[in-house]
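Below, each chain spelled out in residue letters.
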Amino acid sequence: MDGKSVWQHLFSTVVIVAALGYFVDIYDLLLFGIVRIPSLIELGLDETAQSVEGASILNWQMSGLLIGGILWGILGDKKGRLSVLFGSIVTYSIANFACGFVQDITIYKVLRFVAGIGLAGELGAGITLVSESLPKKLRGIGASVVAGVGLLGAVAAYFTVELFSWRYAYFTGGGLGILLLLLRIGVFESGMYTQIAEREQVRKGSFSSFFTNSRRLKLYARCIGIGLPTWYVIGILATFSNEFARALGITEVVKPGLSVMWCYIGLATGDLLSGVLSYLFCSRKKAVILLMLFTLLGTVIYLYGGVANPTGIYLMCLWLGFGIGYWAMFVTIGAEQFGTNLRATAATTIPNMVRGTVVLMTTLYGALKPDILPLHAAAVVGLICFGIGIYSVLTIPETHDRELNFIEQD
């Protein structure tokens with residue numbers, strides 16, 4: 001494959017639109033975390049209520065992601081990848097516009113739940129479509145381009161809130177979604193999916209199929225396990241960076257929102273590198289394990305390396321974000337493990353299952369804190385996540401050169 005052909009594939013309409021879609025997806029996914037305090041203050045909540053209701057709203061959004069991941073995944077295999085790309089963006093764009101007008105906490109929760117459902121479908125459908133459209137040697141790089149560009153949506157969300165009010169930040173998210181919808185009109189359905197679409201004898205989009213076959217169940221569980229360190233970094237180390245700063249004796253203010261932003265800057269950069277590493281190593285597993293071990297080293301330094309100021313915290317979040325830049329590769333591995341009739345379901349549900357484990361991580365972290373230091377509590381949670389992640393990536397089949405034009409039999 002010559003250089004010109006490579007660039008034509010990587011900058012094809014499918015890749016560009018999937019990347020921009022994920023950009024908007026991440027912008028909207030993280031927006032509530034960034035506008036949580038100003039929006040709840042304007043709605044009249046005191047500091048205690050802000051903490052309680054803020055956590056409740058976030059849980060509603062995460063619940064929407066879990067449910068939406070299953071719904072969109074099944075729809076992507078039953079009705080096509082494009083149906084998810086269009087349907088998901090309409091759902092979360094409308095929800096975000098509505099959030100800009102919200103005056104009531106209960107309505108706020110419902111709208112973030114609906115937004116979560118919409119946001120759940122974007123990445124899995126995009127990665128599935130890109131994986132089935134690109135030559136097998138470029139699938140990893142294509143997925144990395146999608147995620148690398150997309151994750152910069154976190155940076156855009158942070159600065160939008162810094163420059164404008166929280167209501168206008170929601171309006172911006174809704175508007176970006178509608179613009180993206182217009183771009184997607186020219187995108188074509190996956191050829192692999194089209195080949196099986198009319199074959200009624202092929203069972204498509206069966207979520208239960210992951211649990212009725214031991215081989216598929218083990219693969220599915222390992223795919224989820226590979227992703228655990230990513231949301232451990234985001235959901236614990238970056239989100240609670242202010243707590244770790246206090247435990248380290250740092251007296252200056254550390255902003256969790258800024259920590260998350262630096263984490264995502266690193267993540268976007270790492271995602272671009274992970275695809276290149278996979279291409280050079282001819283291996284998904286080698287690229288992922290290298291970045292996972294880099295993240296583990298950074299975690300040890302972050303918690304026990306004597307970071308002494310806010311700048312050090314932010315730099316470590318950048319390091320950790322770069323390390324978990326195998327996010328796109330992890331989703332691609334999930335897509336490549338399963339046949340065309342289950343691929344969208346796998347690629348959409350797996351990352352949302354990982355996001356859902358944040359509830360378990362934060363619960364364990366919170367339960368351990370009263371008895372041991374926050375640093376040690378985070379280390380225990382990290383030991384579990386990295387242990388499962390390393391085992392999963394070492395034992396899962398390599399998929400770098402796998403042909404994807406196959407189906408799963410009952």
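All values reported here derive from a predicted model rather than from experimental measurement.

Chemist: Please explain the overall build of the chain as it appears in this structure.
Modeler: Helix and strand counts for the chain stand at 19 helices and 0 strands. Here the analysis covers contacts within the chain between residues at least 6 apart in sequence; of these, 84% occur between residues at least 24 apart. Entry remark: accessible area of the chain is about 16,000 Å², with carbon and sulfur atoms responsible for 68%.

Chemist: Can you help me understand the environment of Ser56 in this one?
Modeler: When you line up the elements, Ser56 lands in helix α3 (residues 47-78). Distance in space between the C-alpha atoms of Ser56 and Ile105 is 10.0 Å, their sequence separation being 49 residues.

Chemist: What is the right way to look at the layout of surface pockets in this model?
Modeler: If you roll a probe as big as a water molecule over the atoms, it shows you where there is empty space left. Estimates place the volume of the largest pocket at around 1,300 Å³. Listed by contribution, the elements that provide at least two residues to the lining of the largest pocket are α2 (13-42), α3, α8 (153-163), α11 (214-238), α12 (241-247), α13 (256-281) and α18 (358-368). Ranked by residue count, the leading element in the lining of the largest pocket is α2, at 8 residues. Here the lining of the largest pocket is built from residues that sort into 21 nonpolar, 10 polar and 5 charged. There are two domains that each give the lining of the largest pocket at least three residues, and those are domain 1 (8-189) and domain 2 (207-396).

Chemist: Sorry if this is basic, but what is going on with unusual backbone geometry here?
Modeler: A negative phi holds for most residues other than glycine; trans holds for most peptide bonds. One non-glycine residue, Cys282, lies in the positive phi region at around 55 degrees. Secondary-structure assignment places Cys282 in the loop between α13 and α14 (284-304).

Chemist: Can you walk me through α8 in this structure?
Modeler: Each α-helix winds once per 3.6 residues, and so residues spaced three or four apart point in a common direction. All of the buried residues along α8 are Gly153, Ala154, Val155, Ala157, Tyr158, Thr160 and Val161. Buried-residue contacts for α8 involve α2, α7 (139-150), α9 (166-183) and α13.

Chemist: I keep staring at the nonpolar core and nothing clicks. Help me out?
Modeler: In a soluble, globular protein the nonpolar side chains are often hidden away together inside. The biggest cluster of nonpolar side chains holds 94 residues, and the ones touching the most others in it are Tyr232, Leu237 and Phe244. Here this core gets 13 residues from one element, more than from any other, and that element is α11. Counting residues domain by domain, this core receives three or more from each of domain 1 (8-189) and domain 2 (207-396). Those residues within four positions of Leu237 in sequence are excluded, and the remaining contacts are Tyr232, Phe244, Thr299, Tyr302, Leu303, Leu320 and Ala378. One finds Tyr27, Leu43, Ile57 and Ala169 within the second-largest nonpolar core, a separate group that totals 18 residues.

Rules of the game
In this convention, every chain numbers its residues from 1, walking through the sequence in written order. Under the rules for a predicted model, residues below a pLDDT of 70 receive no local features and side-chain atom pairs below 80 are neither given nor counted, while totals for whole chains, interfaces and linings still include all residues. Only hydrogens and water are set aside when side-chain values are computed; all heavy atoms of the structure are taken into account. Secondary structure is summarised from DSSP: a helix means a run of H or I of at least four residues, a strand means a run of E of at least two, and numbering begins at the N terminus for each. In what follows, a contact means two residues having at least one pair of non-hydrogen atoms within 4.5 Å. Under the convention used here, a 1.4 Å probe and the Shrake-Rupley method define accessible areas, while residue burial counts only the protein chains that appear. Only protein atoms enter the 1 Å grid, on which a cavity is a set of points fitting a 1.4 Å probe that cannot get out and a pocket is an open set with protein on both sides within 12 Å along at least 5 of 7 lines, lining residues being those with an atom within 4 Å of a point. Grid points are joined across faces, edges and corners, and a volume is the space filled by probe spheres set on the points. When residues are sorted by character, Ala, Val, Leu, Ile, Met, Phe, Trp, Tyr, Cys and Pro go into the nonpolar class, Asp, Glu, Lys and Arg into the charged class, and all the rest, Gly among them, into the polar class. Where each domain begins and ends is defined by an automated method or by a domain database. Relative accessibility thresholds used throughout: buried, under 20% of the residue-type maximum; exposed, over 50%; partly exposed, between the two (1.4 Å probe, protein chains only). Residues grouped as a nonpolar core are buried Ala, Val, Leu, Ile, Met, Phe, Trp, Tyr and Cys residues, joined through side-chain atoms within 4.5 Å.

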